[in-house]
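# Observations on the three-dimensional arrangement
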Amino acid sequence: MSFSSEVKNELLQVSDSARHCQIAELTAFVNLCGYYDGEILIFLSENTRLLDKISSLVEILTGTRPEILLYENKFCARLRSLEDAQKLANITIGKRGYDRPAINPLAVSSVCCKRAYIRGAFICTGSVSDPRKQYHLEFSNSDYDHANALKGLISSFGIDAKIITRKNHYVVYIKEGEQIVDMLNVMSAHKALLEFENLRVVKEMRNNVNRIVNCETANLNKVVSAGVRQVEAIEYIRKTVGLSYLSPSLEEMARVRLEYPDTSLKELGEKLKPPVGKSGVNHRLKKICEIAENLKGDI
Ligand SMILES: [Zn+2]
């Protein structure tokens, strides 16, 4: 099962006990998978568990469970009476009119109700990527005003959602791991949140380990290539004028370097008698390389 389906299944099991939150969640369902023409109210979805959840909410709020019908090979839930349909439409999407807002502000006036609405919207139109692959959570909207109103609800929780257009749809999306965690929390997807966090920690730890390994490899390459150059210089001096050409301290340095061609400067310094610090070793090796260069120039 995809991570997205896991989140939705968890959200389908969340049930609010407060009537205001039940209305808020049902408002999302009416807006996003419901059709109301002033008389008939139906809900269409391929997800039978969602239709079941809607039916339960309708039953709690009206006292009557909707009838389930087959409509164009899809199941739909239809309210049995016109009065119930009208009553439910009024308390969810509000009274009909041209200036009716995309999300009825009365249905989402409290923080708890905003959470319930966002949860309902996610069940209908949301999806979230597997955190092992990428951080992406989105809601697809056919209506720009709804996308914008939903973005507003999300931002009231300090989460920065953005809108892009994709094939006549307005997609409200969140790209940042930390903010997706906040969204899962807002929607009360606590199990999914824990799983997301675990996968995120593993992913970030792996990234950190890779960064450290890459960094150490780079340092190692630097040590090796400097060592190779120094050994070449020392070999050149030895073959041309002999190491005794060097001052005693440089000669000792040269012999130690030949013996330990890929040891770090710090460790090389510890092998000298008396020991010399890293910068002293660096100075001596530079000097040896300069002498080799000069010798090459002379010949
Ligand atoms: Zn509420």
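That block above? That's the structure.
Residues numbered from 1 in each chain as written. Predicted model: local features only at pLDDT ≥ 70, side-chain atom pairs only at ≥ 80, totals over all residues. Heavy atoms only, no water.

## What about the overall build of the chain?
- The helix and strand tally for the chain stands at 11 helices and 8 strands.
- Whereas a compact globule of 299 residues would reach a radius of gyration of roughly 19 Å, the chain reaches 35 Å, over 25% beyond that.
- Overall, the C-alpha framework of the chain stretches about 110 × 35 × 35 Å when taken along its three principal axes.
- Here the chain, with 299 residues, has 43% of them falling under the buried criterion.
- In the chain, 61% of the contacts between residues at least 6 apart in sequence involve partners at least 24 apart.
- Of the roughly 16800 Å² that the chain leaves accessible, carbon and sulfur atoms contribute 51%.
- Counting 41 positive and 37 negative side-chain charges, the chain places the averaged centre of each group 3 Å from the other. (Helix = DSSP H or I, 4+ residues; strand = E, 2+ residues; numbered from the N terminus. Rg over C-alpha atoms; globule rule 2.2 N^0.38 Å. Buried < 20%, exposed > 50% of the residue type's maximum accessible area, 1.4 Å probe, protein only. Contact = heavy atoms within 4.5 Å. Areas by Shrake-Rupley, 256 points an atom, 1.4 Å probe, with all protein chains shown as cover. Lys, Arg positive; Asp, Glu negative; His and termini not counted. Charge placed at Lys NZ, Arg CZ, Asp CG, Glu CD.)

## Points about the coordination of the zinc ion
- On the protein side, the zinc ion has H20 (ND1), C21 (SG), C112 (SG) and C113 (SG) as donor atoms, found 2.1 to 2.4 Å from it.
- Around the zinc ion, the 4 donor atoms are arranged such that angles at the metal cover 98 to 129°; this shape is classified as tetrahedral.
- Read N to C, the donor residues that coordinate the zinc ion are spaced as H-C-x90-C-C. With C21 in helix α2 (residues 19-33) and C113 in helix α5 (residues 111-125), this residue pair connects regions lying 92 residues apart in the sequence. (Donors = N, O, S within 2.8 Å, 3.2 Å for Na, K, Ca; no water. Tetrahedral: all angles 85-135°; square planar, octahedral: opposite > 155°, others 65-115°.)

## With respect to the sheet that holds strand β3 (residues 67-71)
- Spatially, β1-β2-β4-β3 is the arrangement adopted by the 4 strands of the open sheet, whose pairing is antiparallel. Edge strands, defined here as strands with exactly one partner in the open sheet, are β1 (34-36) and β3. Geometrically, the sheet is characterised by an average inter-axis angle of 30° between neighbouring strands, direction not taken into account.
- As judged from the 3 bridges shared by strand β2 (residues 41-44) and strand β4 (residues 74-78), these two strands associate in the antiparallel manner. Bridge pairing in β4 places I42 opposite R78.
- Packed on one face of the sheet, α2 meets β1 and β2 and runs near 80° to β2. (Pairing = 2+ DSSP bridges. Axes fitted to C-alpha atoms, helices over the stretch in contact; angles between N-to-C directions.)

## As for the nonpolar core
- Core analysis: the biggest nonpolar cluster contains 55 residues, and L26, F29, F43, F139 and I154 have the highest contact counts within it.
- Dropping the residues within four chain positions of it, I154 is found in contact with I118, F139, I159, A161, V172, I174 and M183. (Core = buried A, V, L, I, M, F, W, Y, C linked by side-chain atoms within 4.5 Å.)

## Looking at the pattern of salt bridges
- Scanning all chains against the criterion turns up 16 salt bridges.
- A salt bridge links E178 to R200; the nearest nitrogen and oxygen atoms lie 3.7 Å apart. With E178 in helix α7 (residues 177-186) and R200 in helix α8 (residues 190-240), this pair connects stretches of sequence that are 22 residues apart.
- For R200, a relative accessible area of 10% gives the class buried.
- The residue E197 makes a salt bridge to R200 at a minimum N-O spacing of 2.9 Å. (Salt bridge = Lys/Arg side-chain N within 4 Å of Asp/Glu carboxyl O.)

## Examining the environment of I103
- Residue placement: I103 occurs in the loop between α4 (82-92) and α5.
- Take I103: its relative accessible area is 9%, and that puts it in the buried class.
- Put simply, I103 and Y117 are 14 residues apart on the chain and 9.3 Å apart in space, counted from C-alpha to C-alpha.
- Each residue touching I103, except ones within four places of it in the same chain, is listed here: N31, V108, Y117, H146, A149, L150 and L153.

## Points about the pairing of strand β7 (residues 162-166)
- Judged from the 5 bridges that link them, β7 and strand β8 (residues 169-174) form a sheet pairing that is antiparallel. When the sheet's bridge partners are listed, I164 is paired in β8 with V171.

## Focus: the packing of helix α3 (residues 48-62) against α4
- Relative orientation of the contacting elements α3 and α4 amounts to 95°, with a least axis distance of 11 Å. Classified by the angle between their axes, α3 and α4 sit roughly perpendicular to one another. Here V58, L61 and T62 of α3 come into contact with α4, specifically with D84, K87 and L88.
- Counted by class, the contact of α3 with α4 contains 3 nonpolar, 1 polar and 2 charged residues. (Parallel < 35°, antiparallel > 145°, perpendicular 65-115°, else oblique. Nonpolar A, V, L, I, M, F, W, Y, C, P; charged D, E, K, R; others polar.)

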